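What follows is each chain in one-letter form.
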Amino acid sequence: MTEKKRRLRVLIAKTGLDGHDKAAKILALYLRNAGYEVLYTGLRRTIDEIVKTAIEEDVDVIGLSFYSGVHLPASQELMQKLKEANAEDIVVVVGGVIPKKDVKKLKEMGVAEVFPVGTRIDEVLDFFKKLEEEICHDQKGNN
Amino acid sequence: MTKKEITEKDLKKVVLESGIEVKPIYRPEDIKDIDYERDIGDPGEFPYTRGIHKFMYRYRPWTMRQYAGFGTPEDSNQRFKFLLAHGQNALNVAFDLPTQLGLDSDHPLAKWEVGRVGMAVDTLKDMEIAFDGIPIDQISVSLTINATAPIILSMYFVMAEKQGVDLKKIRATPQNDILKEFISRGAWIFPVEPSVKLVCDIIEFCAKNAPKVYPVSVCGYHIRENGATPAQEIGYAFSIALTYIDKVLERGLKVDDFVPRFSFNFNVFGNIFEQIAKLRAARRLWAKIIRDRYGAKNPDSMKLKMIAGGGGSGLTYEQPENNIVRAAYYALVAALGGTQTMALCTYDEAYTIPSAKASLIALRTMQILMEETGVCDTVDPLAGSYYIEWLTNEMEKKIVEAMEEVEKWGGMIRAIENGYIQAKLAKQSYEMYRKIQTGEIVKVGVNKYRMEEEEKVTEIYEFDEKAYQRQIERLKEVKNSRNNLKVKESLEEIRKAIKRDENLMPYIMEAVRHYATVGEITQVLKEEYGVFKEPSIF
């Protein structure tokens, strides 16, 4: 008998004041259809709230969606707060209206992957698939 | 051997987004039930299918209104003057997110957003600076503001008063459509019911005091951006409009007192004939609803006024220059659909806040259409086309279906509070996106004729730290120089008026006169009304 594998737990989050969450919801539906456990924070959550939810819900990944251009300071704050909460093991990915020149800066902060507008959904799904293999494979037997 | 003749069965099936199957050829029998006087009518005549004015663009071409508003009021003032100097005849003002959400520039949550997606406004002082030297009695101004519309419109009115312009002469359009914010754009603050009350306060106040203001612009546009089909765009927008109308009627106004000043904001992207038929069907259906359901007598109540323009969702991040071409088609469609006002998303919107160059190209796109192509010569030139008239009929049926769906949900307010409409649109957005990913919906440069490319748009808007500091400084100065006792008193008067359930506009205008801030006034409203809690739709 094959052991029932734990599925990846993902928190899709919107921070800042922007209210455009169409893309965040589309991704949430894609990930759910792929079988992952997906939560969506709703709009305008503070970084503190996102960190709190991520820890309480024991998620493996936080996906932050941006539209209005605040991705650099917001991601910086998230990485900092995760560190302070000893939750650095939570993987952070960022997507949305992100100029290419900012991708490197985000990765330097510790963001695992960046999906700017124009990214094919297959690339995003591949990333999550590999991530699940890494994370959930490592924990096999712990479930 | 004889070659097999190709029949309709050999052709690929075509179904429009609104769910209408399209034949390859239309003939007279497809429109044999149409009665010209009853169903189409001359332009300017009921049911206004062909347009709300007799001579349309032959007499008065559409108004061009690009969205603008940058950083501080000083920056916006310069951009407004630039656009007016280049032939634009109306302004469309964008506000930053803190202003839209009722937070002052010095609020901790506002820190990254001040002046980013539009103009920062904290007090009347900012409005005075933004419109300094602009002839507001000669142009019309759209204020793209919703949750805080009562405050921003009050500031506009008081600024006008101080410039010596009578309220009765002011031509302005606050967007003031909060219900679409809950459905699409997300810039809501208060719960649904009090939010609608504030919308109606503006409608009532303007009907009585500022008759040239269009107090609400009902936005199908954003609902379409967020996954609605073209038919749902109109249907849901009408359901929203009727929600406002019913609430204002409860206050004792007559339909002809305020409905003539309703306007709509519609989206153009996708199948071009579907969009043209959509706008024609919308005009006809609106006229019938307002006359037959509400018993309007004034033809002006039945005339659907609109701004229509190229939607951002039709544009692509890939090969961004292609968006200039797309926007030109959208402009043509908006003109063939008979809009009064037009705006186009700029080619660089997937990258950044529109650059001055991109805004100018969008303006020139509309000007080329208007001046060079003959599109203004003849009203509704597609009328009588077998296909267009058939499709107009079909679109009307689909719009009615969407409105009936909202009724089944218990009306628009319940549909939003329970998240029904949000959930439906999220699923549809997902489906549309999926079809683009699989190539079922072709997007040139995205899923067909794709190529490796360098990032094309390099003129990216950068946050202006100095402008932010200037804005904070000015807020401080205003707070130090105003009469704080008067501010406190006027804020308390707003609170009392809320408890008495009065129209808040006169009280908010009074607070604004004393330089109360957007944040201070919003805080009082939050304390009394509470804040909206998003329904979980997953």
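Note that the coordinates shown come from a computational prediction; the quantities given were computed from them, not determined experimentally.

Conventions used here
- Residues numbered from 1 in each chain as written.
- Chains lettered and ligands numbered in written order.
- Predicted model: local features only at pLDDT ≥ 70, side-chain atom pairs only at ≥ 80, totals over all residues.
- Heavy atoms only, no water.
- Helix = DSSP H or I, 4+ residues; strand = E, 2+ residues; numbered from the N terminus.
- Buried < 20%, exposed > 50% of the residue type's maximum accessible area, 1.4 Å probe, protein only.
- Areas by Shrake-Rupley, 256 points an atom, 1.4 Å probe, with all protein chains shown as cover.
- Lys, Arg positive; Asp, Glu negative; His and termini not counted.
- Charge placed at Lys NZ, Arg CZ, Asp CG, Glu CD.
- Contact = heavy atoms within 4.5 Å.
- Buried area = accessible area lost by both parts, 1.4 Å probe.
- Salt bridge = Lys/Arg side-chain N within 4 Å of Asp/Glu carboxyl O.
- Nonpolar A, V, L, I, M, F, W, Y, C, P; charged D, E, K, R; others polar.
- Core = buried A, V, L, I, M, F, W, Y, C linked by side-chain atoms within 4.5 Å.
- Patch = residues over 30% accessible without salt bridge, like charges linked within 9 Å, V, L, I, M, F, W, Y side chains within 5 Å.
- Phe/Tyr/Trp six-rings, centres within 6.5 Å; stacked < 30°, edge-to-face > 60°.
- Lys NZ or Arg CZ within 6 Å of the ring centre and 35° of its normal.
- pLDDT = per-residue confidence, 0-100.
- Expected span 1.5 Å × (residues − 1).

Bringing the overall build of chain A into the picture now. The secondary structure content of chain A amounts to five helices and five strands. The secondary structure elements of chain A, listed N-terminal to C-terminal, are β-α-β-α-β-α-β-α-β-α. Going through the 143 residues of chain A one by one, you find that 54% of them count as buried. When the accessible area of chain A is evaluated, it comes to approximately 6,800 Å², of which 49% is carbon and sulfur surface. Positive and negative side-chain charges in chain A, numbering 23 and 24 respectively, have mean positions lying 5 Å apart.

Let's shift gears to the interface of chain B and chain A. Counting residues at the interface gives 41 residues for chain B, matched by 33 residues for chain A. Here chain B meets chain A over a buried area of about 3,300 Å², counting both sides, of which 59% is carbon and sulfur. Of all residues in chain B, the largest losses of buried area upon contact with chain A belong to B:Trp112, B:Tyr430 and B:Phe538, amounting jointly to 23% of the total for that side. Across the contact surface, chain B and chain A share one salt bridge. Mapped onto the side of chain B that touches chain A, the elements with two or more residues apiece are helix H4 (97-100), helix H7 (178-185) and helix H18 (420-438) of chain B. When the residues that make up the side of chain B that touches chain A are grouped by side-chain class, the tally is 20 nonpolar, eight polar and 13 charged.

Our focus in this paragraph is the nonpolar core. Core analysis: the biggest nonpolar cluster contains 189 residues, and B:Trp62, B:Phe131, B:Phe157, B:Phe238 and B:Tyr244 have the highest contact counts within it. Sorting elements by how many residues they give to this core places helix H10 (residues 230-249) of chain B first, with eleven residues. If we skip the residues at most four places from it in the chain, B:Tyr244 touches B:Asp177, B:Ile178, B:Leu179, B:Val196, B:Val199, B:Cys200, B:Ile203, B:Val216, B:Val218 and B:Phe262. In this structure, A:Ala54, A:Ile62, A:Leu64 and A:Met79 belong to the second largest nonpolar core, which totals 26 residues.

Right, let's get into a positive patch on the surface. A contiguous patch of positive charge, built from B:Arg60, B:Lys169, B:Arg171 and B:Lys212, is present on the exposed surface. Summarising the element assignment, B:Lys212 is placed in the loop between helix H8 (192-209) and strand E8 (216-219).

The next subject is unusual backbone geometry. Residues and elements named next belong to chain B. The peptide bond linking phenylalanine 46 to proline 47 adopts the cis configuration, its omega dihedral lying at 0°. Secondary-structure assignment places proline 47 in the loop between helix H1 (36-40) and helix H2 (56-59). Residue methionine 56 is not a glycine yet carries a positive backbone phi of 40°. Residue placement: methionine 56 occurs in helix H2. Its relative accessible area of 6% is what places methionine 56 among the buried residues. Of note, tyrosine 515 is a non-glycine position whose phi angle comes to about 65°, a positive value. Tracing the backbone shows tyrosine 515 in the loop between helix H21 (505-513) and helix H22 (518-529). A relative accessible area of 17% places tyrosine 515 in the buried class.

Turning our eyes to something else, we now look at the packing of aromatic side chains. On inspection of all chains with the given rule, the structure shows 24 aromatic pairs over all chains. Taking 5.9 Å as the distance between ring centres and 80° as the angle between the ring planes, the aromatic pair formed by A:Tyr30 and B:Tyr433 counts as edge-to-face. Residue A:Tyr30 is located in helix H1 (residues 22-33), and its partner B:Tyr433 is located in helix H18; the two belong to separate chains. A:Tyr30 gets classed as buried once you look at its relative accessible area, which sits at 9%. Taking relative accessible area as the criterion, B:Tyr433 reaches 25% and is therefore assigned partly exposed. The rings of A:Tyr36, A:Phe115, A:Phe127 and A:Phe128 are connected pair by pair, giving a single aromatic cluster. Between the NZ or CZ atom of A:Arg44 and the centre of the ring of B:Trp188, over which it lies, the distance is 4.3 Å.

We now examine the environment of A:Arg9. Its place among the elements puts A:Arg9 in strand E1 (residues 9-13). For the pair A:Arg9 and A:Val111, spaced 102 residues apart in sequence, the C-alpha to C-alpha distance is 17 Å.

Considering every residue of chain A, the mean pLDDT works out to 91; 93% of them sit at 70 or more. For chain A, helix H5 (residues 121-138) of chain A is the element with the lowest average pLDDT, namely 92, and E1(A) is the one with the highest, namely 97.

A word on H22(B). All names here are of chain B. The first and last C-alpha atoms of H22 sit 16 Å apart over twelve residues, in line with the 16 Å expected at 1.5 Å per residue. Listing the buried residues of H22 in full gives Val518, Gly519, Glu520, Ile521, Thr522, Val524, Leu525 and Tyr529. Tucked inside the fold, the buried residues of H22 contact H4, helix H6 (149-163), H8, helix H19 (465-481), helix H20 (484-499) and H21. Glycine 530, located one to two residues past H22, shows a positive phi value of around 80°.

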